[in-house]
Amino acid sequence: MGMHRTSGQTLRSSSQANLVANIIVYTDKHNAPETGMYCNAEQVAEALPWPALIDALDDVFTLMPSMMSSPVR
Amino acid sequence: MNSPIRHHHHLAVSGDPDATLLLMPAWIEDRYLGVKQVNVFPGNTARGEPGLTGHYLLSCARTGRHLAQFEANELTSRRTAAASALASRYLSRDDAEELLMVGAGRMARRLVPAHAAVRSIKRVRVWDLYPESAAALVAELTEQGYSAEQVAADGLREAAGTADIISCATLSQTPLIHGEWLSPGTHVDLVGSFTPAMREADDTVMRRGQVFVDTRAGALAESGDLIDPIASGAIGETDVLADFFDLCAKRHHGRSELDDPDAAITAFKAVGASCEDLAAAITAYERSVD
């Protein structure tokens, strides 16, 4: 597991053992801990292998009946 | 899925040119909400700092809870290359083996493996305005196991004539690929030309080719590769046969639906869409958490 722990809390266990993510821990207004994840460029690349990403785009355009509004780059 | 118009704001920066803030939201109701923020600060360049930075924020669309943040340049580059590969899946010949990469920059390094993910690419040829850039990419691709070679500065016409797939990712403002060069069965993938002033393909590419786009609204409004040939009368808007919505939903079956599937020239023009960013962010997030 290549997870970087930037705080004392672990976000997950994962079967994607090669994936790497930084964990963000912060507190809400009641001082309850909240966790999030940050992926830098290298981690984004690791998390987006081509077949999975291509299939994800195929899925999203299949599900969308039509373009809702102007697209953006 | 909702993919509204992007927000585009100018910011005054003391002593520097104005900065630009781009906000690109998209969401799937009850599932995910995402927004890409791109900051363009031209004054940074003079200080040796990146002029463009971006990140993507992914939240839960049921609670609003923050889930993840992603560096956006890589996210955008990869989803852009993946969109080209998705188009190739529908539009290039199944037996396509030779890829001509026009441009040897950041996108080229992602487009080659993306295309290779959907077709059995046996040979990659690289052309760039700057031969040293092409040589550097060829060296990298060779190191990665590709059979790659550099195309001479004056060899683009010959290379275009033998390629099965031509992928262009440049900032060119004049056409680089000419339709008269293309052999039957070629698929042309146009990634640059994301403003009306930019061109990568001439009018003949569009006239000879069967034209497809990622989104009609985006490509027809933003790309000089379509705006100019439509303005000149070389093609009309109705010559755009289908977009991703049609292809992915199988309302158009891509190359296999064309009159002569083996010989047809196809041209795909993309300018990107915020739903692609969201799809990429969701994929990265879901692959990272159980």
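## Let's talk about the overall build of chain A
Right, on to step 1. Helix and strand counts for chain A come out as two helices and two strands.
Right, on to step 2. Of all 73 residues assigned to chain A, the portion counted as buried reaches 29%.
Right, on to step 3. For chain A, the share of sequence-separated contacts (at least 6 apart) that also reach a separation of at least 24 residues comes to 16%.

## Brief notes about the nonpolar core
A general trend in soluble globular proteins is that nonpolar side chains are found buried together.
Right, on to step 1. The biggest cluster of nonpolar side chains holds 97 residues, and the ones touching the most others in it are L57(A), M101(B) and V126(B).
Right, on to step 2. For this core, the domains that each give at least three residues are domain 1 (7–74) and domain 2 (80–272) of chain B.
Right, on to step 3. Once residues lying within four places of it in the same chain are set aside, the contact partners of L57(A) are R79(B), A82(B), A83(B), L86(B), E276(B) and A279(B).

## A few points about helix α1 (residues 72–91) of chain B
Within an α-helix, residues lying three or four positions from one another point in the same direction, as the helix has 3.6 residues per turn.
Right, on to step 1. For α1(B), with 20 residues, the first-to-last C-alpha span of 28 Å sits near the 28 Å given by 1.5 Å per residue.
Right, on to step 2. Among the 20 residues that make up α1(B), 19 are buried, leaving the element largely enclosed by the rest of the structure.

## Points about the packing of helix α2 (residues 50–63) of chain A against α1(B)
Right, on to step 1. At a minimum axis separation of 9 Å, α2(A) and α1(B) run at an interaxial angle of 75°. Overall, the two elements α2(A) and α1(B) adopt an arrangement that is roughly perpendicular. The segment α2(A) lies against α1(B), with W50(A), L53(A), I54(A), L57(A) and D58(A) engaging R78(B), R79(B), A82(B), A83(B), A85(B) and L86(B).
Right, on to step 2. Its residues placed into classes, the contact of α2(A) with α1(B) shows eight nonpolar, no polar and three charged.

## Here we look at unusual backbone geometry
Residues and elements named next belong to chain B.
Right, on to step 1. One non-glycine residue, D30, lies in positive phi territory at about 70°.
Right, on to step 2. The topology assignment puts D30 in the loop between β2 (16–28) and β3 (32–40).
Right, on to step 3. Here K250, not a glycine, exhibits a phi torsion of approximately 65°, which is positive.
Right, on to step 4. Checked against the element boundaries, K250 lands in the loop between α8 (244–248) and β13 (266–269).
Right, on to step 5. Of the residues examined, K250 has 11 C-beta atoms within 10 Å and is grouped as exposed.

## A closer look at the domain arrangement of chain B
Right, on to step 1. Its domain assignment divides chain B into domain 1 (7–74) and domain 2 (80–272).
Right, on to step 2. Each of domain 1 of chain B and domain 2 of chain B was reduced to a C-alpha centroid, and the two centroids are 28 Å apart.

## Quick look at the interface of chain A and chain B
Right, on to step 1. Residue-level contacts link 39 residues of chain A with 48 residues of chain B.
Right, on to step 2. Broken down by secondary-structure element, the contributors of at least two residues to the side of chain A that touches chain B are β2 (33–39), α1 (41–47) and α2 of chain A.
Right, on to step 3. For the side of chain A that touches chain B, the residue count by class is 26 nonpolar, 10 polar and three charged.
Right, on to step 4. Pairing of β2(A) with strand β5 (residues 66–71) of chain B, which is carried by three bridges, proceeds in the parallel orientation.

## Description of the sheet that holds strand β8 (residues 148–150) of chain B
Residue and element names in this part refer to chain B.
Right, on to step 1. Across the sheet, which stays open at both edges, the eight strands sit in the order β8-β7-β6-β9-β10-β13-β11-β12 with parallel pairing between neighbours. The open sheet has two edge strands, β8 and β12 (240–242), and neither has a second partner. Adjacent strand axes in the sheet meet at a mean angle of 25° when their direction is disregarded.
Right, on to step 2. Contacting β6 (98–102), β7 (123–127) and β9 (165–168), helix α2 (residues 108–116) crosses the sheet at an angle of about 165° to β6.

## Focus: the pairing of strand β4 (residues 52–60) of chain B
Regular strands have side chains that alternate between both faces of the sheet.
Residues and elements named next belong to chain B.
Right, on to step 1. Summarising the sheet, β3 and β4 pair through nine bridges and their orientation is antiparallel. In the strand pairing of β4, G34 is matched with L58.
Right, on to step 2. In the sheet, β4 pairs with β5 via five bridges, with the strands oriented antiparallel. Residue pairing across strands places H55 opposite E71, the latter belonging to β5.
Right, on to step 3. In this antiparallel pair of consecutive strands, β4 and β5, the connection spans five residues, and G64 shows a positive phi of 80°.

## What to know about the pairing of β9(B)
Residue and element names in this part refer to chain B.
Right, on to step 1. Neither face of β9 is left uncovered, since the one carrying I165 and S167 and the one carrying I166 and C168 both have all their residues buried.
Right, on to step 2. Where β6 and β9 come together, four bridges link them in parallel fashion. Bridge pairing links L99 to I165 in β9.
Right, on to step 3. Of the strand pairs in this sheet, β9 and strand β10 (residues 187–190) are connected by four bridges, and their pairing is parallel. Across the sheet, S167 pairs through a bridge with D189, a residue of β10.

## Topic: the packing of α1(B) against helix α9 (residues 274–288) of chain B
Residue and element names in this part refer to chain B.
Right, on to step 1. Running from N to C, α1 and α9 cross one another at 105°; their axes reach a closest spacing of 9 Å. Taken as axis vectors, α1 and α9 run roughly perpendicular relative to one another. Residues L75, T76, R78, R79 and A83 of α1 touch α9, and the partners they reach there are E276, D277, A280 and A281.

Analysis parameters
Residues numbered from 1 in each chain as written. Chains lettered and ligands numbered in written order. Predicted model: local features only at pLDDT ≥ 70, side-chain atom pairs only at ≥ 80, totals over all residues. Helix = DSSP H or I, 4+ residues; strand = E, 2+ residues; numbered from the N terminus. Buried ≥ 20, exposed ≤ 12 C-beta atoms within 10 Å, placed from the backbone. Contact = placed C-beta atoms within 7 Å. Core = buried A, V, L, I, M, F, W, Y, C linked by C-beta atoms within 7 Å. Domains from an automatic or database assignment. Expected span 1.5 Å × (residues − 1). Axes fitted to C-alpha atoms, helices over the stretch in contact; angles between N-to-C directions. Parallel < 35°, antiparallel > 145°, perpendicular 65-115°, else oblique. Nonpolar A, V, L, I, M, F, W, Y, C, P; charged D, E, K, R; others polar. Pairing = 2+ DSSP bridges.

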